[in-house]
Amino acid sequence: MSEAPPEPFARLLRSWSRHLAAANKSPQTIKLYVDAGALLGAFLATRGGPSDPTSVARADVEAFIADLLETKSSSTAATRYRGLQQFFKWLVLEEEVDRSPMEGMRPPKLEEKPVPVVGNEHLSALLKACAGKGFEPRRDLAIIRVFIDTGIRAGEMEGLRVQDVDLDRRALVVTGKGRRTRGVGLGVKATKDLDRYIERARPTHPAAREEALWLGGGGGPLSASGIAQMLRRRCDQAGIPRIHPHQLRHTFAHLWLAQGGGERDLMSLAGWRSPQMLGRYGASLAAERAREAHQRLAPGDTL
């Protein structure tokens, strides 16, 4: 954010942040929501708009969302929209305003842009770039294996603790959105690389007593941002296009479906509540999966 919001915005946003924390919202959710209010306040300040959120009108919010649609992605605009919607609902609950200025507004329409799936050749090159027996090679290889094998979110990867890993049962306990936990399985190779990291590399780290599973070079836990930076660095070393952690989540979904995995099982493993998510993940190669399925089934070949 280039500018801070006016003080009336900042005061109410601080109170709202405390309310969200008391409601057991995740730190990531709190940041996304509060950032939306702060960005609206800063946007209005540069245009001579209301400096107090209790004076914001629908036209002010619409101008802000329109600006986001021109300068950012539709996904970003939709995220800010949801944050502001919750902010004004809270203001109504707190009796700071009688009605939300967003009452009757519709969220921005999302552009359907399938996230590119990472091919096997690039995945293999990425894994080879982590070769080595040192702390970082073993940590990075384990992280990438877990991403490929489970499709968990970057924030979920960051939040893993040592006690969440069961090497004997080849399983992880993941804490997802809304602080909901779920179990996910691990393949043989991912379990082997996790074992090498946890039992041999991690104990040598100065912060080995930390609960966090992944440890960084700075002496403490590795953040989601640090994980993304590591992934970019390993892609550069492998000589492949840079990969974002979310691409690996889409790749997991594609590989699961392509190999005949069930949709209901995928929903459970990925932590989805809505079947609509199945259509969004791995969508870029849906036609390819359909062709491969047809080659296996080919109704005409049975006649």
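Residues numbered from 1 in each chain as written. Predicted model: local features only at pLDDT ≥ 70, side-chain atom pairs only at ≥ 80, totals over all residues. Heavy atoms only, no water.

1. A look at the sheet that holds strand 2 (residues 171-175)
- Spatially, three strands are ordered 1-2-3 in an open sheet, and the strand pairing comes out antiparallel. Looking at which strands have only one partner, the edges of the open sheet turn out to be strand 1 (165-166) and strand 3 (181-185).
- Pairing between strand 2 and strand 3: five bridges, direction antiparallel. Paired with Val174 across the strands is Arg182, a residue of strand 3. (Pairing = 2+ DSSP bridges. Helix = DSSP H or I, 4+ residues; strand = E, 2+ residues; numbered from the N terminus.)

2. A short note on helix 1 (residues 7-22)
- With 16 residues, helix 1 should reach 22 Å at 1.5 Å per residue; the first-to-last C-alpha distance of 23 Å fits that figure.
- Along helix 1, the residues classified as buried are Pro8, Phe9, Ala10, Leu12, Leu13, Trp16 and Leu20.
- Buried residues along helix 1 sit against helix 2 (27-45) and helix 4 (74-93).
- In the stretch just after helix 1, Asn24 is the one whose phi turns positive, near 65°. (Expected span 1.5 Å × (residues − 1). Buried < 20%, exposed > 50% of the residue type's maximum accessible area, 1.4 Å probe, protein only. Contact = heavy atoms within 4.5 Å.)

3. Considerations on a positive patch on the surface
- On the surface, Arg82, Lys177, Arg180 and Arg273 cluster together into a patch of positive charge.
- By secondary structure assignment, the location of Lys177 is in the loop between strand 2 and strand 3. (Patch = residues over 30% accessible without salt bridge, like charges linked within 9 Å, V, L, I, M, F, W, Y side chains within 5 Å. Areas by Shrake-Rupley, 256 points an atom, 1.4 Å probe, with all protein chains shown as cover. Salt bridge = Lys/Arg side-chain N within 4 Å of Asp/Glu carboxyl O. Lys, Arg positive; Asp, Glu negative; His and termini not counted. Charge placed at Lys NZ, Arg CZ, Asp CG, Glu CD.)

4. Some points on the pattern of salt bridges
- What the rule picks out here adds up to 15 salt bridges.
- Asp140 is the partner of Arg234 in a salt bridge, and the nearest nitrogen-oxygen pair spans 2.8 Å. Taken together, the residues Arg234 in helix 9 (residues 224-238) and Asp140 in helix 6 (residues 135-150) connect sequence positions 94 residues apart.
- On the basis of relative accessible area, Asp140 is assigned to the buried category, the value being 0%.
- Here Arg145 and Asp193 are joined by a salt bridge, their closest N and O atoms 3.0 Å apart.

5. Describing the nonpolar core
- In terms of nonpolar packing, the biggest core is built from 48 residues, with Met157, Leu172, Leu194, Tyr197 and Trp214 touching the most fellow members.
- Those elements that place two or more of their residues in this core are helix 5 (120-128), helix 6, strand 2, helix 8 (188-201), helix 9, helix 10 (245-258) and helix 11 (263-270).
- Take this core: its biggest share by element is eight residues, from helix 6.
- Apart from the residues within four sequence positions on either side, Leu172 is in contact with Val146, Thr150, Leu160, Asp164, Val165, Arg182, Gly183, Val184, Leu186 and Leu194.
- Formed by 28 residues, the second largest nonpolar core is a distinct cluster that contains Val34, Tyr81, Phe88 and Met102. (Core = buried A, V, L, I, M, F, W, Y, C linked by side-chain atoms within 4.5 Å.)

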